[in-house]
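# Structure at a glance
One letter stands for each residue in the lines below.
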Amino acid sequence: AVIEADDSVCEGSRAACISRRSLEILDRLGVAERFLEKGLAWTRGRSFYGQEEIFRFEMPASETDKFPPMINLQQYYIEKFLLDEIERVNAAVPGTVDIRWQSRVTAFKQEPAGVQVTVECPLGMYTSDTDWLVACDGGQSFIRTSLGEELKGVGYQGRYAIVDIELASEYPTERRAWFDPPWARGTTILMHRQPDNIWRVDYQLAPHQDASQVMSSKEIQKFVQTHLDAIGEGHLPWKSVWTSIYRAGAMTLDSYRHGRILFAGNSAHAMPIFGVRGLNSGFDDADNLIWKLAARVLGLAGDSLLDSYSQERICAFHANASNAMRSTEFMSPPHRGFDLMREAALSLAGEHRGIARLVNPRQTHAIVYEQSALSAPSDALTGGPAPGAPLDEVKLAEGFYLTDLLQPTSFTLICFADQPIELPVADRTISCASIAIPPSSSAADRYGASAGAAYLVRPDGHVCGRWNAATPAQIQNAIDNACQVQRSTS
């Protein structure tokens, strides 16, 4: 059951960039195609100091990739496409997902075996018992504050305005950033193209500026028109369709599990918007949590598997935050020392390409769970992803990729051999599908795999273990370890 305070999908672009890793997650849910049909793919970003281009980046992409590095798509489409898939699932199996609109949790009581929640809706108030409560109630999480928990980390004073405008521009889809432009001294402006001729414009507010005044329709009209004039598109008609304001911060809970309550998304952590890590971290949270929670609910794993969700995703937060904070401190210097460094870097970046790397926005990338307790002792191979890393994509045939072999509700054993390894049927553990790939294939070369090598992949697409030659018992032990299952040695 999904308890949702709103009565429809969101308004405004909000989180508008979806990474390749998130597309892989959506693909396992069977919904990536609609995202690709509507979204705008892009690979390039450009940064300007004044009116001079000082940095350009290209995200790795090739014709053999299954997905582009990034697509732009407004959050209301993201929510709509997921809701459409829920409707399709419910049509096949009625009641699979119960979405309760205009409903809000107003109280809860945690017991050893579950959580009792009080829900308020237009028809009144009621209580409901649940075995597990996943708190995805955002940055102002009621569940989190009621538990007396708080996000810890760094909150920046810099404020940014978001303005979605409808503009019939043919400019290509790429990320553009203007630092200290002549037409808006002292600020930074970002601009992204989105579907339906919607352009996302973000710009920094000065510390002394009153937010209510800056966000008035008159001031927004003035600022955006001046910007469009400066970049040569002021002759095109446009209109504002949505506005908002935000602050940058990098903060997290100490633990994402509190008994029968689990936290995910913005209720668990806050990410700076730069580098598009907010929404994409939320997808990763859900992808990491859902197979573990399902295994626990079905009695196929112990509570410690849920603890690994918290451990892995907090490590992911710190990896994300490390890069995001560098970008944030460059975009919104926290004090005069950073400001002087930025001014020096920007003024020199045009002539010194090494310095220009400081302007790199450091886009989000797939996270490796390097110290995961779920990873099995493994062999060193000459290539391929290490334990804890997501599976590397390889094109096996036209329109068919290595990740198409993954089983979203089980482990997958990829055997570089003529025949897959036969695995015994184990009771009370997550199943494993064994698949053979010819050792002469391009995938074997990419993975540094000789004949007999094998990779064990978790349901979320991360490598659990890899071996030059593995036995069925070794593989079952790796699965048991990942699921925190203890077996008798007799």
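Everything that follows concerns the structure shown earlier in this document.
Below or above, wherever it landed, is the structure these notes cover. (Residues numbered from 1 in each chain as written. Predicted model: local features only at pLDDT ≥ 70, side-chain atom pairs only at ≥ 80, totals over all residues. Heavy atoms only, no water.)

On the basis of which strands lie adjacent, the open sheet formed by 3 strands has the order 2-6-3 and antiparallel pairing. Each edge of the sheet is formed by a strand with only one pairing partner; in this case those strands are strand 2 (17-19) and strand 3 (40-42). Across the sheet, the mean angle from the axis of one strand to that of its neighbour is 30°, orientation sign disregarded. Looking at chain direction, strand 2 and strand 6 (residues 70-72) are connected through 3 bridges and run antiparallel. Among the inter-strand pairings, cysteine 17 is bridged to a residue of strand 6, identified as asparagine 72. (Pairing = 2+ DSSP bridges. Helix = DSSP H or I, 4+ residues; strand = E, 2+ residues; numbered from the N terminus. Axes fitted to C-alpha atoms, helices over the stretch in contact; angles between N-to-C directions.)

Before going further, it helps to examine helix 1 (residues 20-28). Among the 9 residues that make up helix 1, 7 are buried, leaving the element largely enclosed by the rest of the structure. Within helix 1 the residues assigned to the buried category are Arg21, Ser22, Leu23, Glu24, Ile25, Leu26 and Arg28. Buried residues in helix 1 make contact with strand 2, helix 2 (32-38), strand 6, helix 3 (75-92) and helix 7 (278-297). Positive backbone phi, approximately 80°, marks glycine 30, located one or two places after helix 1. (Buried < 20%, exposed > 50% of the residue type's maximum accessible area, 1.4 Å probe, protein only. Contact = heavy atoms within 4.5 Å.)

Attention now goes to the sheet that holds strand 8 (residues 104-111). Taking strand neighbours across the sheet as the criterion, the 3 strands line up as 8-9-10 in an open arrangement whose pairing is antiparallel. Each end of this open sheet is capped by a strand with a single partner; those strands are strand 8 and strand 10 (124-130). When the angles between neighbouring strand axes are averaged without regard to direction, this sheet yields 20°.

Right, let's talk about unusual backbone geometry for a bit. What you tend to see is this: most non-glycine residues have negative phi, and most peptide bonds are trans. Phi at glutamine 102 is positive, roughly 50°, even though this residue is not glycine. Looking at the element boundaries, glutamine 102 is found in the loop between strand 7 (99-100) and strand 8. The phi dihedral of aspartate 180 is positive, around 50°, even though this residue is not glycine. Here aspartate 180 is to be found in the loop between strand 13 (175-179) and strand 14 (188-194).

The next subject is the environment of arginine 175. Mapping arginine 175 onto the fold places it in strand 13. Along the chain, arginine 175 and alanine 211 lie 36 residues apart, while their C-alpha atoms are 25 Å from each other.

Turning our attention to the packing of helix 1 against helix 7. It is the contact of helix 1 with helix 7, at a shortest axis distance of 9 Å, that shows an interaxial angle of 40°. Here helix 1 lies oblique to helix 7, going by the angle between them. Considering how the two elements wind past one another, helix 1 and helix 7 form a crossing that is left-handed. Across the interface between the two elements, Arg21, Ser22, Ile25, Leu26 and Arg28 from helix 1 touch Asn280, Phe283, Asp284 and Asp287 from helix 7. Looking at the contact of helix 1 with helix 7 residue by residue, the class counts come to 3 nonpolar, 2 polar and 4 charged. (Parallel < 35°, antiparallel > 145°, perpendicular 65-115°, else oblique. Left-handed = near helix turned anticlockwise from the far one by under 90°. Nonpolar A, V, L, I, M, F, W, Y, C, P; charged D, E, K, R; others polar.)

It is worth spelling out the packing of aromatic side chains at this point. This model, assessed by the stated rule, comprises 13 aromatic pairs. Judged by centre distance (5.4 Å) and plane angle (80°), the rings of phenylalanine 35 and phenylalanine 81 are edge-to-face. Taken together, the residues span a long stretch of sequence, with phenylalanine 35 in helix 2 and phenylalanine 81 in helix 3 at a distance of 46 residues. Among the residues examined, phenylalanine 81 registers a relative accessible area of 7% and is labelled buried. Ring-pair connections join several aromatic residues into one group, and the members of that group are Phe35, Tyr76, Tyr77 and Phe81. Residue placement shows arginine 176 over the ring face of tyrosine 171; its charged tip is 3.7 Å from the ring centre. Taking NZ or CZ as reference, arginine 260 lies 4.3 Å from the ring centre of tryptophan 132, over its face. (Phe/Tyr/Trp six-rings, centres within 6.5 Å; stacked < 30°, edge-to-face > 60°. Lys NZ or Arg CZ within 6 Å of the ring centre and 35° of its normal.)

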